[in-house]
4 protein chains.
Amino acid sequence: MAGNSFGQLFRITTFGESHGEAIGVIIDGCPSQLTVDLEYIQSELDKRRPGQSKITTQRKESDTVKILSGVFEGKTTGTPIAMLIPNEDQRSKDYTHNVDVFRPSHADYTYQTKYGIRDHRGGGRSSARETAARVAAGALAKLLLKSQGIEIVAHVSSVGKINAPNVDISDVQEFINQREENIVRCADPATAEEMIEFIDGIRKAGDTVGGKISCYVKNCPVGLGEPVFDKLHAELGKAMLSINAVHGFEFGSGFAGSEMLGSEHNDIFVKNHTGDITTITNYSGGIQGGISNGMPIEFKVAFKPVATIMKAQATIDSEGNAAEISGKGRHDPCVVPRAVVIVEAMAALVLADHWLRNRNAILG
Amino acid sequence: MAGNSFGQLFRITTFGESHGEAIGVIIDGCPSQLTVDLEYIQSELDKRRPGQSKITTQRKESDTVKILSGVFEGKTTGTPIAMLIPNEDQRSKDYTHNVDVFRPSHADYTYQTKYGIRDHRGGGRSSARETAARVAAGALAKLLLKSQGIEIVAHVSSVGKINAPNVDISDVQEFINQREENIVRCADPATAEEMIEFIDGIRKAGDTVGGKISCYVKNCPVGLGEPVFDKLHAELGKAMLSINAVHGFEFGSGFAGSEMLGSEHNDIFVKNHTGDITTITNYSGGIQGGISNGMPIEFKVAFKPVATIMKAQATIDSEGNAAEISGKGRHDPCVVPRAVVIVEAMAALVLADHWLRNRNAILG
Amino acid sequence: MAGNSFGQLFRITTFGESHGEAIGVIIDGCPSQLTVDLEYIQSELDKRRPGQSKITTQRKESDTVKILSGVFEGKTTGTPIAMLIPNEDQRSKDYTHNVDVFRPSHADYTYQTKYGIRDHRGGGRSSARETAARVAAGALAKLLLKSQGIEIVAHVSSVGKINAPNVDISDVQEFINQREENIVRCADPATAEEMIEFIDGIRKAGDTVGGKISCYVKNCPVGLGEPVFDKLHAELGKAMLSINAVHGFEFGSGFAGSEMLGSEHNDIFVKNHTGDITTITNYSGGIQGGISNGMPIEFKVAFKPVATIMKAQATIDSEGNAAEISGKGRHDPCVVPRAVVIVEAMAALVLADHWLRNRNAILG
Amino acid sequence: MAGNSFGQLFRITTFGESHGEAIGVIIDGCPSQLTVDLEYIQSELDKRRPGQSKITTQRKESDTVKILSGVFEGKTTGTPIAMLIPNEDQRSKDYTHNVDVFRPSHADYTYQTKYGIRDHRGGGRSSARETAARVAAGALAKLLLKSQGIEIVAHVSSVGKINAPNVDISDVQEFINQREENIVRCADPATAEEMIEFIDGIRKAGDTVGGKISCYVKNCPVGLGEPVFDKLHAELGKAMLSINAVHGFEFGSGFAGSEMLGSEHNDIFVKNHTGDITTITNYSGGIQGGISNGMPIEFKVAFKPVATIMKAQATIDSEGNAAEISGKGRHDPCVVPRAVVIVEAMAALVLADHWLRNRNAILG
């Protein structure tokens with residue numbers, strides 16, 4: 001129960017520290033006979049990789065993934081799939097400054113107090129480097145979902161106070177193409193430009209800023225989600241909140257919905273021309289009673305600003321004495337551009353798990 | 001993996017439908033030798049009970065809880081604790097109208113499609129009546145936490161667009177007294193009055209409205225939460241999102257934090273006059289790296305408006321034909337006053353579970 | 001993780017003490033649309049019921065089961081199924097003698113030391129009365145398995161040193177009829193008579209004796225079992241060893257197989273006249289590599305003699321002082337006749353769980 | 001729920017196939033601050049290593065283990081510990097013969113049918129090579145237990161029909177020394193010689209033979225085990241039955257106990273001269289009501305003969321046609337000498353898990 005596993009039937013267990021030998025993941029419960037496209041998995045990791053643009057950390061990691069087990073002649077065999085990502089560019093000396101000092105709004109103090117010991121190099125296990133393992137596993141989950149026609153896409157919808165307008169997601173590939181054309185990963189080109197300029201200024205000032213990611217699941221069949229505790233949105237919420245720096249989650253109407261009247265908010269059912277049951281509005285965000293209703297699933301994730309800034313800050317040392325610290329190491333001025341693929345990966349892990357779980361809903 | 005259990009070490013499993021014989025819960029993993037105050041448990045249920053004021057549903061349920069096992073001579077024995085709450089006032093005939101019709105923004109359609117069968121009476125398992133079992137179990141979790149000095153309090157901070165100002169939580173009992181003096185359960189008396197008036201108007205109009213609940217955990221020791229997936233706020237988030245009608249969760253700086261700069265947002269550590277390590281601000285909401293840091297834990301939960309309104313609405317029947325429906329049964333115009341104790345209960349279940357889990361962090 | 005749940009997908013959680021208000025079980029994960037034959041469930045409980053013959057305990061319990069949730073119009077709905085069995089004949093005063101004294105080979109001492117408190121009445125949670133909840137849940141699992149053509153049968157194959165010869169299981173109903181014709185539940189009539197006489201003598205002498213139960217699963221499809229830890233026989237073994245008084249488990253060739261040569265022991269595959277793949281011998285007991293191979297599953301369970309005897313025995317009290325104790329209460333001279341249906345129930349729970357788990361082996 | 005994890009709080013997840021790149025394990029839930037003796041872990045693996053004597057397989061694997069995470073400056077940090085063992089001597093071509101043919105009493109047929117695909121090289125995931133990961137993790141569990149004074153030892157007590165007399169376990173180190181002096185790992189020197197000669201004859205005949213391992217846990221505190229389903233012996237039983245080739249498990253009086261009378265079998269409590277509560281006999285095998293009682297835990301594990309023999313055998317191919325097969329590859333004539341350390345490892349995993357679980361029995 002130590003918290004490093006996620007999912008019930010499509011279950012991952014991750015390991016690894018920022019400056020250890022390697023990070024990795026075991027996926028247990030992936031059904032057999034799924035075709036494994038290793039290039040696709042690597043391409044997903046490349047979207048999270050450090051050093052990919054001027055607005056990300058300059059740490060150099062190729063994040064090359066290797067599959068050690070569970071795949072035979074290009075297909076899953078039903079046995080556990082281990083994936084390994086060696087660490088390459090560990091400048092541990094960058095972290096001698098925080099051996100005895102607790103960085104503000106980092107996990108140094110809580111890890112040290114909880115465990116009485118911590119790998120201080122680069123945040124150790126609390127580093128966002130850990131999310132590379134999630135992206136690798138999430139890429140496999142996406143392949144499973146794609147084989148069923150289910151697609152997941154996200155983009156940066158806000159940076160600081162800059163908000164993108166609603167973007168059309170009817171053509172998923174088009175949406176992704178648009179998003180990948182800019183380094184901030186916002187699917188609205190004009191807003192993207194504004195965001196990049198803003199982040200670059202923040203970076204030069206040695207500061208950081210937060211942002212939001214919007215995510216959509218398309219072609220999700222009706223029936224995913226297991227009430228009463230494992231409601232689909234509750235599981236998505238947990239998945240998102242488990243990502244480093246996330247401080248908020250909402251789906252469908254979200255926080256704004258709490259200000260609405262029932263008569264405005266209710267999504268009226270209709271049968272559309274193809275005979276499918278849909279709703280006119282989608283304030284439910286594709287989930288009713290904790291179960292997907294066939295409409296697009298929509299949710300939003302809020303990220304706080306990165307805690308490591310290049311400015312001097314007051315803090316205390318491990319004895320509780322006043323100290324000063326200023327950021328060293330190589331860090332992101334804004335985490336959301338690299339987090340888009342993490343959000344998608346965690347969503348894919350939830351959806352793959354619930355797709356499997358739902359196969360046993362009816363005796364059939 | 002069917003979703004009716006919550007927690008790992010302090011683990012509950014609930015059962016029961018709105019109009020069945022009874023609802024209930026088994027708590028497995030409560031340590032032995034906890035004194036069980038049955039009156040306290042009942043008093044918590046009374047706060048969730050229907051029919052308690054003019055702004056709640058008029059269904060009459062005493063919600064009398066009975067402990068069937070696991071308690072001997074007033075103390076827990078370490079064996080599973082079963083609690084039973086019989087259903088009393090099941091006017092099932094109120095629900096003949098939705099046998100073949102899907103109520104908008106309810107779970108009728110998704111349950112019917114997922115399982116191919118549903119208990120249509122009062123929403124069956126999807127009814128918020130299910131949360132009574134959570135409140136009973138949560139009351140026991142609160143007793144466990146209280147024995148360790150940990151306290152959890154919540155109140156209604158918003159109804160529709162009416163927002164309460166920040167309320168002082170330094171004296172928890174005072175806060176609760178204030179809150180319990182009004183039927184909307186807002187600890188700010190002036191705002192409470194405004195909210196009550198607004199809800200009463202909504203009720204008379206046959207409509208419903210959403211709202212928000214703010215929750216605080218005080219005297220939480222440092223160390224609770226299990227990275228990387230079972231971060232304390234991720235578990236709280238899942239717990240809250242699993243409550244009926246919840247559409248959003250944020251902790252600490254929350255969504256607003258995503259608009260801030262790192263230099264503003266970082267919580268600076270200081271040693272206070274009693275020698276405790278605290279932070280000047282608390283944008284982290286009492287949790288850093290997924291682990292409690294000793295500061296008050298603060299989070300907010302957004303509830304959508306209740307779906308059952310007393311107005312005619314368009315919908316479809318089980319054949320997909322257009323139909324009309326108008327609310328019958330007895331429902332709440334606004335769910336948040338009764339949900340305060342549900343939010344507290346779910347928070348208590350998470351905290352009790354993590355308090356137990358954290359006991360094994362260090363070999364010791 | 002407190003040990004009162006069993007199974008992963010077809011998951012039960014039991015509660016209740018020997019002399020509390022009631023015992024019961026929640027089944028979570030039973031798929032929807034299974035027809036629930038309550039009479040059948042009750043008839044299974046009747047086979048475990050005390051007081052059914054001269055060679056069982058004379059405690060009077062009707063063991064009437066009531067379903068509180070999860071079943072609607074005679075079918076499962078996919079929501080949790082709670083079953084309740086009230087305790088009726090609790091002569092708690094029979095147990096005043098063991099408040100402060102530890103009965104030999106009972107769980108008094110270990111419960112008291114582990115939890116620091118125990119419900120001493122009739123063994124509390126450690127009483128075999130708890131198995132009634134397993135039988136109720138197991139009966140539902142049997143209904144699920146029967147809907148798939150899978151059948152489970154057991155009988156008493158040994159009492160003390162009296163061993164039944166191998167019995168034909170080709171006609172399951174015939175086998176059960178034979179078994180139910182005698183009170184010891186051995187399918188070989190001649191041996192049954194001998195066993196009954198022996199047990200009756202033991203009873204009159206105030207003593208008890210052990211025995212063995214042989215169990216068979218027929219028409220099990222190929223593929224059930226989840227290597228490497230949840231091998232089908234490992235799960236069956238745990239299930240059986242969790243039953244009160246069980247001290248040993250073997251499947252297929254079992255302990256005798258450890259004395260054989262590979263050239264004797266290997267089960268040679270053949271295609272039979274109906275085109276099915278079978279093996280000539282079945283030393284594998286229907287399971288290879290932890291996965292069912294389509295042959296009958298065969299295993300044997302060894303029960304120690306009941307610890308409560310009607311003779312004076314030396315022991316110690318809670319202060320560690322020497323004391324004497326002699327059995328009061330109403331107990332079985334030999335547990336196996338009533339345990340046959342418990343063995344079947346636990347086997348059914350394992351099989352139902354793995355039948356569901358196996359549905360996700362292949363992406364399909 | 002795919003079966004590759006074991007344990008609840010001290011939880012391992014293994015991966016890897018016989019002829020893949022590597023095998024390995026993640027341990028999640030090991031408390032922080034345990035000193036990790038890597039040499040000890042390697043020395044345990046050396047006892048399972050192939051090629052160690054004339055009576056084991058001649059496959060050459062150094063089984064060198066590498067720790068990738070979770071250990072910092074020689075101590076556990078509370079984060080997941082990944083261990084990797086690369087495969088070195090994979091003569092995959094030895095296995096071209098079983099691509100399309102099902103080896104008798106192997107898992108070829110069941111894996112192929114369950115998953116529709118299998119890694120046929122050396123048994124893939126069903127190979128006993130997988131147990132190396134268990135031994136590595138079990139060695140860490142032993143270190144944890146040793147830090148609490150708990151010791152686990154096993155030896156080969158039978159090979160075929162050759163049985164060792166009862167061996168004194170009062171001095172654990174002495175027992176181990178005795179055992180390690182011979183290649184069959186029986187602590188009785190005279191019997192060991194007889195066993196070795198017998199196995200060598202079997203090997204020369206191209207045949208194989210089964211055997212039994214007896215295991216003892218010393219200094220186990222009272223209280224380990226979680227009724228009613230996770231009784232300590234039920235968990236030990238599952239652990240043992242999950243080891244390749246195991247067909248039977250018994251503890252305490254075991255199968256023989258089923259032939260005894262209650263008046264013979266009951267273990268009488270006494271307070272010994274040091275004030276400890278013990279029992280005169282130990283038919284309970286150190287466990288009462290599923291909870292350890294402070295006496296030595298004793299159990300026995302039966303292994304069937306290895307299925308791969310060097311003789312021609314009839315079988316069928318994947319089309320169901322009659323075929324012939326004769327063993328190639330490098331295999332053990334008798335598995336028990338190398339399995340001693342596997343039995344100890346699995347016992348250690350159960351004990352470490354339950355030692356952690358028991359820490360939460362009492363509120364304290």
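Coordinates for the structure precede this section.
Residues numbered from 1 in each chain as written. Chains lettered and ligands numbered in written order. Predicted model: local features only at pLDDT ≥ 70, side-chain atom pairs only at ≥ 80, totals over all residues. Heavy atoms only, no water.

A.B. asks: Quick question: what am I supposed to make of the interface of chain A and chain C here?
C.D. replies: Many structure descriptions define interface size as the accessible area lost when the parts assemble. Every contact between the two is made by 17 residues of chain A and, on the other side, 17 residues of chain C. Summing both sides of the interface, chain A and chain C together bury roughly 1400 Å²; the carbon and sulfur share of this comes to 52%. Interface area lost by chain A to chain C is led by A:Arg359, A:Asn360 and A:Leu363, which between them contribute 48%. Put simply, chain A and chain C have 0 salt bridges between them. For the interface between chain A and chain C, the tally reads 12 residue pairs in polar contact (both at pLDDT 80 or more). Of the residues contributing to the side of chain A that touches chain C, the split by class is 10 nonpolar, 6 polar and 1 charged. (Contact = heavy atoms within 4.5 Å. Buried area = accessible area lost by both parts, 1.4 Å probe. Salt bridge = Lys/Arg side-chain N within 4 Å of Asp/Glu carboxyl O. Polar contact = N/O pair within 3.5 Å; in protein donor to acceptor, adjacent residues only side chain to side chain. Nonpolar A, V, L, I, M, F, W, Y, C, P; charged D, E, K, R; others polar.)

A.B. asks: Sorry, what's going on with the sheet that holds strand β2 (residues 11–15) of chain A here?
C.D. replies: Strand pairing within a sheet occurs via backbone hydrogen bonds; the two strands may be parallel or antiparallel. One open sheet holds the 5 strands; their spatial order is β1-β2-β3-β7-β4 (chain A), and the pairing between them is antiparallel. Taken across any chain shown, the strands that pair with only one partner, and hence form the sheet edges, are β1 (5–6) and β4 (66–67) of chain A. (Pairing = 2+ DSSP bridges. Helix = DSSP H or I, 4+ residues; strand = E, 2+ residues; numbered from the N terminus.)

A.B. asks: Please explain the packing of aromatic side chains as it appears in this structure.
C.D. replies: Two measures describe an aromatic ring pair: the distance that separates the ring centres and the angle between the ring planes. Residues and elements named next belong to chain D. Overall, the coordinates contain 30 aromatic pairs over all chains when judged by the stated rule. Geometrically, the ring pair formed by Phe175 and Tyr216 is edge-to-face, given 6.2 Å between the ring centres and 80° between the ring planes. Of this pair, Phe175 sits in helix α4 (residues 172–180) while Tyr216 sits in strand β10 (residues 211–218), and the two are 41 residues apart along the sequence. Accessibility expressed as a relative area gives 2% for Phe175, which makes it buried. (Phe/Tyr/Trp six-rings, centres within 6.5 Å; stacked < 30°, edge-to-face > 60°. Buried < 20%, exposed > 50% of the residue type's maximum accessible area, 1.4 Å probe, protein only.)

A.B. asks: Can you help me understand the pattern of salt bridges in this one?
C.D. replies: Oppositely charged side chains can pair when the atoms bearing their charge come close. All names here are of chain A. Summed over the entire model, instances satisfying the criterion amount to 108 salt bridges over all chains. Close ionic contact of Lys311 with Asp207 constitutes a salt bridge, the shortest N to O distance being 3.6 Å. With a gap of 104 residues between them, Lys311 in the loop between β16 (297–303) and β17 (312–316) and Asp207 in the loop between α5 (189–204) and β10 (211–218) connect regions that are remote in the sequence. Relative accessible area serves as the criterion here: at 32%, Lys311 is assigned to the partly exposed category. In this structure, the salt-bridge partner of Arg357 is Asp353, at a minimum N-O distance of 3.7 Å. Taken together, the positions of Arg357 and Asp353, both in helix α9 (residues 336–358) and 4 residues apart, correspond to about one turn of that helix. Of the residues examined, Asp353 reaches a relative accessible area of 2% and is grouped as buried. One network of salt bridges, in which partners are shared, links Glu44, Lys47, Lys142, Arg179, Glu180, Arg185 and Glu344.

A.B. asks: Help me understand the relation of the copies chain A and chain C, please; the structure alone is not making it clear to me.
C.D. replies: Between the two copies of the chain lies a rotation about an axis combined with a shift along it. Mapping chain A onto chain C is achieved by rotating through 180° and translating by 0.0 Å along the same axis, at an RMSD of 0.0 Å. As the rotation angle and translation indicate, the two copies are arranged about a two-fold axis. For chain A, the minimum C-alpha distance to the rotation axis belongs to A:Arg359 and amounts to 3.9 Å. When you check the interface residues of chain A against chain C, 100% turn up at the interface there too, and the contact is symmetric in its surfaces. (Least-squares fit on C-alpha atoms with pLDDT ≥ 70 in both.)

A.B. asks: Looking at this model, I keep getting lost on the environment of D:Phe72. Mind explaining?
C.D. replies: Structurally, the position occupied by D:Phe72 is in strand β5 (residues 71–72). C-alpha of D:Phe72 to C-alpha of D:Gly123: the two residues are 51 residues apart in sequence and 36 Å apart in space. Not counting the four nearest positions on each side in its chain, D:Phe72 is found in contact with A:Ile117, A:Arg118, A:Asp119, A:His120, A:Arg121 and D:Thr77.

A.B. asks: What am I meant to see in the interface of chain D and chain C here?
C.D. replies: With 105 residues of chain D at the interface, the matching set in chain C holds 105 residues. Regarding the contact of chain D and chain C, the summed buried area is about 8300 Å², with carbon and sulfur atoms giving 61% of it. Taken together, chain D and chain C are joined by 51 residue pairs in polar contact (both at pLDDT 80 or more). Residue composition of the side of chain D that touches chain C, grouped by class: 43 nonpolar, 40 polar and 22 charged. Looking at chain direction, strand β11 (residues 246–251) of chain C and strand β11 (residues 246–251) of chain D are connected through 3 bridges and run antiparallel. Paired with C:Glu250 across the strands is D:Gly248, a residue of β11(D).

A.B. asks: Would you take a moment to explain the relation of the copies chain D and chain C for this structure?
C.D. replies: You can overlay chain D on chain C at an RMSD of 0.0 Å; the transform is a turn of 180° with a shift of 0.0 Å along its axis. Taken as a fraction of all interface residues of chain D, those also at the interface in chain C reach 100%, which identifies the copy contact as same-surface.

A.B. asks: What's the story with helix α6 (residues 232–241) of chain B in this structure? I'm lost.
C.D. replies: By the criterion of burial, α6(B) is predominantly enclosed, with 10 of the 10 residues buried. Inspection of α6(B) places B:Leu232, B:His233, B:Ala234, B:Glu235, B:Leu236, B:Gly237, B:Lys238, B:Ala239, B:Met240 and B:Leu241 among the buried residues, and these make up the whole buried set.

A.B. asks: Before we go on, may I ask you to explain the side chain of B:Glu250 in this structure?
C.D. replies: With respect to the helices and strands, B:Glu250 occurs in strand β11 (residues 246–251). No salt bridge is formed by the buried B:Glu250; its nearest oppositely charged neighbour, B:Lys300, is found at 4.6 Å. Within the local environment of B:Glu250, its side chain forms a polar contact with the backbone nitrogen of B:Phe255, the two atoms lying 2.8 Å apart. Among residues more than four places away in sequence, those in contact with B:Glu250 are A:His247, A:Gly248, A:Phe255, B:Phe255, B:Phe299 and B:Lys300. (Lys, Arg positive; Asp, Glu negative; His and termini not counted.)

A.B. asks: I would appreciate a short explanation of the sheet that holds strand β8 (residues 151–159) of chain C in the present structure.
C.D. replies: Pairing within the open sheet is antiparallel, and its 10 strands lie in the order β9(C)-β8(C)-β10(C)-β16(C)-β11(C)-β11(D)-β16(D)-β10(D)-β8(D)-β9(D). Each edge of the open sheet is held by one strand with a lone partner, namely β9 (162–163) of chain C together with β9 (162–163) of chain D. Strand direction decides the pairing type here: strand β10 (residues 211–218) of chain C and strand β16 (residues 297–303) of chain C, joined by 7 bridges, are antiparallel. Paired with C:Tyr216 across the strands is C:Glu298, a residue of β16(C). The strands touched by helix α4 (residues 172–180) of chain C within the sheet are β8 and β10 of chain C, with β8(C) carrying the most contacts at an inclination of about 40°. Where helix α5 (residues 189–204) of chain C meets the sheet, its contacts fall on β8 and β9 of chain C, and the angle it forms with β8(C) comes to roughly 55°. (Axes fitted to C-alpha atoms, helices over the stretch in contact; angles between N-to-C directions.)

A.B. asks: Just to check I follow, could you spell out unusual backbone geometry for this structure?
C.D. replies: With glycine set apart, most residues show a phi of negative sign, and most peptide bonds adopt trans. Going from C:Pro227 to C:Val228, the amide bond is cis rather than trans, its omega being 5°. Of note, C:Val228 is situated in the loop between β10 and α6 (232–241). Within the chain, C:Ala245 stands out as a residue other than glycine whose phi angle is a positive 80°. Here D:Arg185, not a glycine, exhibits a phi torsion of approximately 60°, which is positive. Turning to its location among the elements, D:Arg185 is positioned in the loop between α4 and α5 (189–204). We classify D:Arg185 as buried; its relative accessible area is 7%.

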